[in-house]
Each structure stands twice: as structure tokens, then as C-alpha cells.
Amino acid sequence: MQDFSLNGSVAVVDFSLDGSVAVVTGSARGIGKAIAFTLARAGAKVALVDMNKEAVEASAKEIEEACGVECVPFVADLSSEEQIEPLFSSILEKFSQIDILVNNAGITRDNLLIRMKDSDWQKVIDVNLKSVFLCTRAVFKSMMKQRHGKIINIASIVGLMGNAGQANYCASKAGVIGFSKAVAREGAARSINVNVIAPGFIATDMTENLPESAKQSMLAQTPLGRMGKAQDVANAVLFFASPAADFLTGQVLCVDGGLAM
Ligand code: NAP
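Novice: It is not clear to me how the layout of surface pockets should be interpreted in this structure. Could you clarify?
Specialist: Empty pockets left among the atoms are what a rolling probe the size of a water molecule brings to light. By volume, the largest pocket is sized at about 1300 Å³. If you go around the largest pocket, you meet 47 residues; those closest to its centre are G106, I107, T108, Y169 and M206. Elements with a minimum of two residues in the lining of the largest pocket: α1 (30–41), α4 (118–146), α6 (167–187), α7 (205–208) and α8 (212–220). In terms of residue class, the lining of the largest pocket is made up of 22 nonpolar, 17 polar and eight charged.

Right, here's the structure in full:
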């Protein structure tokens, strides 16, 4: 519970997630790990899902020790249809409920359109978009039954603006936005809120290897004049996951230092 006093009138904003269970995909490192940390710090038990066994186990252990809430690693390739139902059955068996799903796992396979291979198109669509469909469908029934749920999908500002050399990635992220709005309408009557965060240029392994010229160009277009931190995105996820955002659904929040405005 956070207490903001404004000129004598007191607004009480509730960011506590005590007693909630959150699933965060792609949480072994980068933005997903910061999200898992932030939700755990707010009191949620967290299921961390990633392909990298050692890394996800280490992240879950680190977060559990730091936050004092149960954090359990799960290993899965989210682009593989056969792995999704068993994954969510195991999570439900462990925690009995899922209150928050953060679809964060994502990849890039950049190239100009005329050089883009079919396999690079398909891989990005499978990891970035199809996995969001599969994971959301897997939790939706139990969220409908419990009559609440928060689904937060991590897209990108390039899903709104486009970016040369990323036709596959931009299509996947624009797809995530359209998907989220459709599902927000389907879940609304059962108090399932579905929202999107569209990060701008965030310092992680994903952006580390970009050419220096691309980094400088992104920075020059960012009014706040810096790269975002994984924590900047995690803070927005906490907002959408918390009771403070109960009246928001179908929204796209750009966490981008003003880049896409
Ligand atoms: P990252 O550092 O590359 O981390 C991505 C994580 O997702 C890794 O732990 C990776 O596991 C995992 N992952 C990838 N494919 C997976 C799969 N098929 N199944 C399970 N896990 C998988 O990326 P990030 O920068 O934190 O990005 C997180 C999200 O934010 C992505 O959706 C990305 O598109 C989005 N985003 C990032 C930026 C940015 O500037 N960084 C901007 C806009 C949007 P491994 O360790 O096994 O590879």
C-alpha cells in the first residue's frame, strides 16, 4: 500500500500483490527477470518460465532469496504448441491459481525484407505472437472461472511505428496489440484485464549487439535522451498488474522516453 498525500487530501494507491500468483515468460534475464523481481517484491508468488534451464533456475533462486516469496522455475520453449498445456498444468498444480500472466518472451531475427528468410519470418511470429496466443488461451479458462485476471503483453513501439529491417518483428508486435484488444473485449465481463506495454529502446542483451549507428539513431529520437532500463518496463507491468489499474483494459502504454509520441 502506498500513500500519496496531495495538498492535504490523501489518495491511497494499492500496488500490493500479496497472495497473487504471477507467471512471467522469458524471465531468466533481461526485462522478464526485472518484471519477475518487481512482482515478487510486491508480494506475488512467481512462476518464471524460460528455455534456458540453468539461467531460469538461478534467477528464481535469486529472486526468492531477495523477496521472501515462493519463486519456481519452469523450463519450456514457448513457441512449441505441445509444451504449453503441460507447462500450465504444472504451474496450476504447484500454485492452484494464476492471477497474473506476463507474456514477455521475445526474439529478433532482423534483415531487410528482400533478404528475409521464410524461417526467420516464421520463428519470430512463433515466439513473439503465437506463444502469446497459446499462453493466454492456456490461462483464460481458469481466469474466467475465478472471475479475475491480469494479462500484460510486452509488445514494442515498432509494432506501432514500423522499423526498417524488422518486418517480422514489427508484424509480430502489431499482432500482439490487435490480439490483446480482442481478448480484452472477451475477458471484460469476467474482470480479466488485458493490456499491452510497448517498450522503446531498453538496455538488455537484445539491444546490446545493435550496431553503434543504430543505437545513436534510437537515442537521438528519444526525447528523454537515454535508453530505458528493464526496471522502467517492470514498473509499468506492476501498475497494470495491481489494483491501481483495475479500470484499464485494452490499453497500450508506451514505455519509451517519448520516442513514439
Ligand atoms: P532478451 O534479453 O533477449 O531476453 C529474452 C528472454 O526470453 C530470454 O531469457 C530468452 O531465453 C527468452 N526466450 C526467448 N525465446 C523463448 C522461447 N521460445 N521460449 C521461452 N523463452 C524464450 O530480451 P529483452 O530485451 O529482455 O526483451 C523482452 C521482451 O521485451 C521481448 O518481447 C522483446 O521483444 C520486448 N522488447 C524489448 C525491447 C528492448 O529494447 N530490449 C524493446 C521493445 C520490446 P534464452 O535465454 O534461452 O534466450
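Anyway, onward from the coordinates.
Novice: It is not clear to me how the site of the ligand should be interpreted in this structure. Could you clarify?
Specialist: Inspection of the region around the ligand gives 30 residues, with I31, D50, N104, Y169 and T204 positioned closest. One nitrogen or oxygen atom from the main chain of L78 is found 3.0 Å from a nitrogen atom belonging to the ligand. With respect to the ligand, the side chain of Y169 contributes an N or O atom lying 2.5 Å from an oxygen atom. When the ligand is considered free in solution it has 900 Å² of accessible area, and contact with the protein chains removes 92% of it. According to the grid-proximity analysis, the pocket containing the ligand is the largest pocket.

Novice: Is there a simple way to explain the nonpolar core in this structure?
Specialist: The nonpolar side chains of a soluble globular protein tend to be buried with one another. Ranked by size, the top nonpolar core spans 37 residues in total, and within it I35, L39, V102, I152 and I197 carry the most contacts. In terms of residue count, helix α9 (residues 230–241) provides more of this core than any other element does, eight residues in total. Not counting the four nearest positions on each side in its chain, I197 is found in contact with I152, N153, I154, A155, S156, V233, A236, V237, F240, L253 and V255. A76, I84, F95 and F179 belong to the second largest nonpolar core, which has 33 residues in total.

Novice: Honestly, the sheet that holds strand β8 (residues 192–199) in this entry has me stumped. Any pointers?
Specialist: Two modes of strand pairing occur in sheets, parallel and antiparallel, and in both the strands are linked by backbone hydrogen bonds. The sheet built from seven strands is open, its strands ordered β5-β4-β3-β6-β7-β8-β9 with parallel pairing. Edge strands, defined here as strands with exactly one partner in the open sheet, are β5 (71–75) and β9 (252–255). Adjacent strand axes in the sheet meet at a mean angle of 20°, parallel and antiparallel pairs treated alike. Of the strands in this sheet, β4 (45–50) and β5 touch helix α2 (residues 53–67), which is tilted by about 170° from β5. Each of β3 (21–25), β4, β5 and β6 (100–103) is contacted by helix α3 (residues 81–95), which is oriented at about 160° to β5, the strand it contacts most.

Novice: Sorry, what's going on with the pairing of β8 here?
Specialist: Taken residue by residue, a regular strand's side chains alternate between the two faces of the sheet. With respect to burial, β8 is a largely interior element, eight of its eight residues being buried. Here β8 shows a buried face lined by I192, V194, V196 and A198 and a second buried face lined by N193, N195, I197 and P199. Both strand β7 (residues 149–154) and β8 contribute to a ladder of six bridges, which runs parallel. The residue bridging G149 from the neighbouring strand is I192, located in β8. As defined by bridge partners, β8 adjoins β9 across four bridges and the pair is classed as parallel. Counterpart to P199 in the pairing with β9 is V255.

What counts and what doesn't
Residues numbered from 1 in each chain as written. Predicted model: local features only at pLDDT ≥ 70, side-chain atom pairs only at ≥ 80, totals over all residues. Heavy atoms only, no water. 1 Å grid on protein atoms, 1.4 Å probe; cavity = no way out; pocket = protein on both sides within 12 Å on 5 of 7 lines; lining within 4 Å. Points joined across faces, edges and corners; volume = space filled by probe spheres on them. Helix = DSSP H or I, 4+ residues; strand = E, 2+ residues; numbered from the N terminus. Nonpolar A, V, L, I, M, F, W, Y, C, P; charged D, E, K, R; others polar. Near = heavy atom within 4 Å. Polar contact = N/O pair within 3.5 Å; in protein donor to acceptor, adjacent residues only side chain to side chain. Areas by Shrake-Rupley, 256 points an atom, 1.4 Å probe, with all protein chains shown as cover. Sits in = over half its atoms within 2 Å of the grid points. Core = buried A, V, L, I, M, F, W, Y, C linked by side-chain atoms within 4.5 Å. Buried < 20%, exposed > 50% of the residue type's maximum accessible area, 1.4 Å probe, protein only. Contact = heavy atoms within 4.5 Å. Pairing = 2+ DSSP bridges. Axes fitted to C-alpha atoms, helices over the stretch in contact; angles between N-to-C directions.

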